[in-house]
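# A structural walkthrough
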Amino acid sequence: FITLEAARKMAAAGEAEACQNGWNVAIAIVDANGDLILFQKLDDTQPGSITVSQGKARAAALFKRPSKALEEAIAGGKQGFLSVEGIVPMQGGLPVVVDGKVIGAVGVSGVTSAQDEQVAQAALRALGI
């Protein structure tokens, strides 16, 4: 599982990446069940990013894949994912995988989807992933 200490390291690394690029983002870190461990929002981040970052993280945790994969599935015609409550099937959520097992996820929102994912990748690197 992701400890609070690990989540803090992830959030700090994500924040550093965002600040280095001048991006205002919300960062959500969840456990394997999609439940929130840690959330932080940089100053001047748009309010909508609060819900979106958490939904991206939840999607990555519950479906054990990057949230971009769900976005691509919908684009490919699998509209059923749109009805799953509480997830956001957009790029920017990445699972935290240790020894082949998903132990949680990070979701980021506030800039473009690719930039959100860049911040999420920085958060994963803080854990050596």
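A brief report on the enclosed structure follows.

Conventions and cut-offs
- Residues numbered from 1 in each chain as written.
- Predicted model: local features only at pLDDT ≥ 70, side-chain atom pairs only at ≥ 80, totals over all residues.
- Heavy atoms only, no water.
- Axes fitted to C-alpha atoms, helices over the stretch in contact; angles between N-to-C directions.
- Helix = DSSP H or I, 4+ residues; strand = E, 2+ residues; numbered from the N terminus.
- Parallel < 35°, antiparallel > 145°, perpendicular 65-115°, else oblique.
- Left-handed = near helix turned anticlockwise from the far one by under 90°.
- Contact = heavy atoms within 4.5 Å.
- Phe/Tyr/Trp six-rings, centres within 6.5 Å; stacked < 30°, edge-to-face > 60°.
- Buried < 20%, exposed > 50% of the residue type's maximum accessible area, 1.4 Å probe, protein only.
- Pairing = 2+ DSSP bridges.
- Core = buried A, V, L, I, M, F, W, Y, C linked by side-chain atoms within 4.5 Å.
- Polar contact = N/O pair within 3.5 Å; in protein donor to acceptor, adjacent residues only side chain to side chain.

## Structural notes on the packing of helix α1 (residues 4-21) against helix α4 (residues 113-125)
For the pair α1 and α4, interaxial distance at closest approach is 7 Å and the crossing angle is 140 degrees. The orientation of α1 relative to α4 falls into the category oblique. Crossing geometry of α1 relative to α4 is assigned as right-handed. From α1, Met10, Ala13, Gly14, Glu17, Ala18 and Asn21 reach across to α4, where they touch Gln118, Val119, Ala122, Ala123, Leu124 and Arg125.

## Quick look at the packing of aromatic side chains
The tally for this structure, following the rule as stated, stands at one aromatic pair. With 5.4 Å between their ring centres and 80 degrees between their planes, phenylalanine 63 and phenylalanine 81 make a pair best called edge-to-face. Taken together, the residues phenylalanine 63 in helix α2 (residues 48-63) and phenylalanine 81 in the loop between α3 (67-75) and β3 (93-98) connect sequence positions 18 residues apart. Taking the relative accessible area as the measure of exposure, phenylalanine 63 reaches 23% and is therefore partly exposed. A relative accessible area of 18% places phenylalanine 81 in the buried class.

## A few points about the pairing of β3
Sheet topology places β3 next to strand β4 (residues 101-109); six bridges connect them, and they run antiparallel. Within the sheet, the bridge partner assigned to glycine 93 lies in β4 and is glycine 107. Count of turn residues in the β3/β4 antiparallel hairpin: two residues, of which aspartate 99 carries a positive phi of about 50 degrees.

## Let's talk about the nonpolar core
General note: in soluble globular proteins, nonpolar side chains tend to be found buried as a group. By size, the foremost hydrophobic cluster in this structure holds 21 residues, and its most contacted members are Ile2, Met10, Val25, Ile29 and Val106. Put simply, the parts of the chain that give this core at least two residues each are α1, β1 (26-31), β3, β4 and α4. With five residues, α1 is the largest single contributor of residues to this core.

## Considerations on the sheet that holds strand β2 (residues 36-41)
In space, the four strands of this open sheet follow the order β2-β1-β4-β3, with antiparallel pairing throughout. Lying at the two open borders of the sheet, with one neighbouring strand each, are β2 and β3. Averaged over all pairs of adjacent strands, the angle between strand axes in this sheet comes to 15 degrees, irrespective of strand direction. Summarising the sheet, β1 and β4 pair through six bridges and their orientation is antiparallel. The residue of β4 that forms the bridge with isoleucine 29 is valine 106. Where α2 meets the sheet, its contacts fall on β1, β2, β3 and β4, and the angle it forms with β4 comes to roughly 155 degrees. Its contacts with the sheet put α4 on β1, β3 and β4, and the angle it makes with β4 is roughly 140 degrees.

## Some details on the side chain of threonine 45
In this structure, threonine 45 sits in the loop between β2 and α2. Separated by 2.7 Å, the side chain of threonine 45 and the backbone oxygen of leucine 42 make a polar contact. Leave out the neighbours within four places in its chain, and threonine 45 touches Asn24, Val25, Ala26 and Ser109.

## Overview of the environment of glycine 80
Topologically, glycine 80 is positioned in the loop between α3 and β3. Through-space distance from the C-alpha of glycine 80 to that of lysine 68 is 15 Å; in sequence the pair is 12 residues apart.

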